[in-house]
Amino acid sequence: MGGTVQAAAELRERVAAELDGRGYFEGKAWLRDAFTVVPREHFVPDRVWWPVAQDGIYPLMDRTVRPRQWLRAVYRTQQMLITQIDDGAIRPAGPVEAESFTAFTSSISCPAVVVQMLGYFDPRKGDRVLEIGTGTGYNTALLAHRVGAGKVTSVEIDPQVADWSRERLGGLGVDARLVVADGEAGHADGAPYDGILSTVAVREVPRAWPEQVRAGGVIVTPVGTPFHWGGGTYDGLCRLVCDGNGNAEGQMVAGVTFMKVRGQRKERPFEELGWPSLGDYRVSVSRAAGQRVRASP
């Protein structure tokens, strides 16, 4: 057991050094400290699926069978791990064929994306934070390490997932409030918050979220885009600043890929969601600046 703990600590430091080299922790010593202190492996189930298919089959990573392989997978800088398929309809008993299920529905995000999102969110000590999508509880623990005991409220729609994360957080003595509910509604009981961080993507930012954040507080969430990469669409990580009156404005800061909240899985026309149409984009070419593409006001 001691050897495993040591190996995990060494892997955390290795990943932290890699992220350091890419500037992920720049100006945010708190974030590096949280990443190296909170044991990511504590929040990963013994059985998870590798998200890259091999000959149409997604392999199962089993800690009880191949512990070293499992631990290395947990600390792959750019690789998420799948913790649930089809809302739990498929049990983690073995590899799964790509044609035998509809969708991945829960995961633990890769270290790089977890750190990237927290960096853009950048909470202060003592901030009151609402997290949408507790998942494994790992992100909740990182937030609590920063803002302090009793300052994080996390909403999870799936009761079984919430039970897992509650047990994992309790095992480390993390003091965070977990609520089983639909995160699209936020959690008005604790509002106003200093910020909302969503670990699930939306097609449209729920109106309830900016209504529950104080003036100057931020919302960081993945938002579905019409852009394509690797055979599918990807999300834009959106950082919004709230005005305290139910409004928020900001911009996309990075490209990510996340699972959608249950209530927004169905595709919708992007015109309905406020996106510019193809004809709204303007292209200019100049000798001095080269090509420039922008959306019309």
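Attention here is on the structure that accompanies the text. Note that the coordinates shown come from a computational prediction; the quantities given were computed from them, not determined experimentally. (Residues numbered from 1 in each chain as written. Predicted model: local features only at pLDDT ≥ 70, side-chain atom pairs only at ≥ 80, totals over all residues. Heavy atoms only, no water.)

## Remarks on the overall build of the protein chain
Inference 1: Assigned secondary structure in the protein chain consists of seven helices and 15 strands.
Inference 2: Taking 19 Å as the expected radius of gyration for a compact globule of 297 residues, we find that the protein chain reaches 20 Å, a close match to that expectation.
Inference 3: Each of the three principal axes of the protein chain carries a C-alpha extent, and together these read 60 × 45 × 40 Å.
Inference 4: Evaluated residue by residue, the protein chain yields a buried proportion of 47% over its 297 residues.
Inference 5: Relative to all contacts within the protein chain whose residues are 6 or more apart in sequence, the contacts with residues 24 or more apart total 59%.
Inference 6: When the accessible surface of the protein chain is totalled, it reaches about 15,000 Å², and 49% of it is carbon and sulfur. (Helix = DSSP H or I, 4+ residues; strand = E, 2+ residues; numbered from the N terminus. Rg over C-alpha atoms; globule rule 2.2 N^0.38 Å. Buried < 20%, exposed > 50% of the residue type's maximum accessible area, 1.4 Å probe, protein only. Contact = heavy atoms within 4.5 Å. Areas by Shrake-Rupley, 256 points an atom, 1.4 Å probe, with all protein chains shown as cover.)

## Some words on helix α3 (residues 67-74)
Inference 1: Inspection of α3 places Trp70, Leu71, Ala73 and Val74 among the buried residues, and these make up the whole buried set. All buried residues of α3 fall inside an arc of 160° around its axis, so they share one side. The exposed residues of α3 that point more than 90 degrees off its buried face are Arg68 and Arg72. (Arc of directions from axis to C-beta.)

## Comments concerning a nonpolar patch on the surface
Inference 1: On the surface, Val283, Val285 and Val293 cluster together to form a nonpolar patch covering roughly 300 Å² of accessible area.
Inference 2: Within the secondary structure layout, Val283 lies in strand β14 (residues 281-286).
Inference 3: Looking at Val283, the relative accessible area reads 57%, which means it is exposed. (Patch = residues over 30% accessible without salt bridge, like charges linked within 9 Å, V, L, I, M, F, W, Y side chains within 5 Å. Salt bridge = Lys/Arg side-chain N within 4 Å of Asp/Glu carboxyl O.)

The analysis is restricted to geometry; functional conclusions fall outside its scope.
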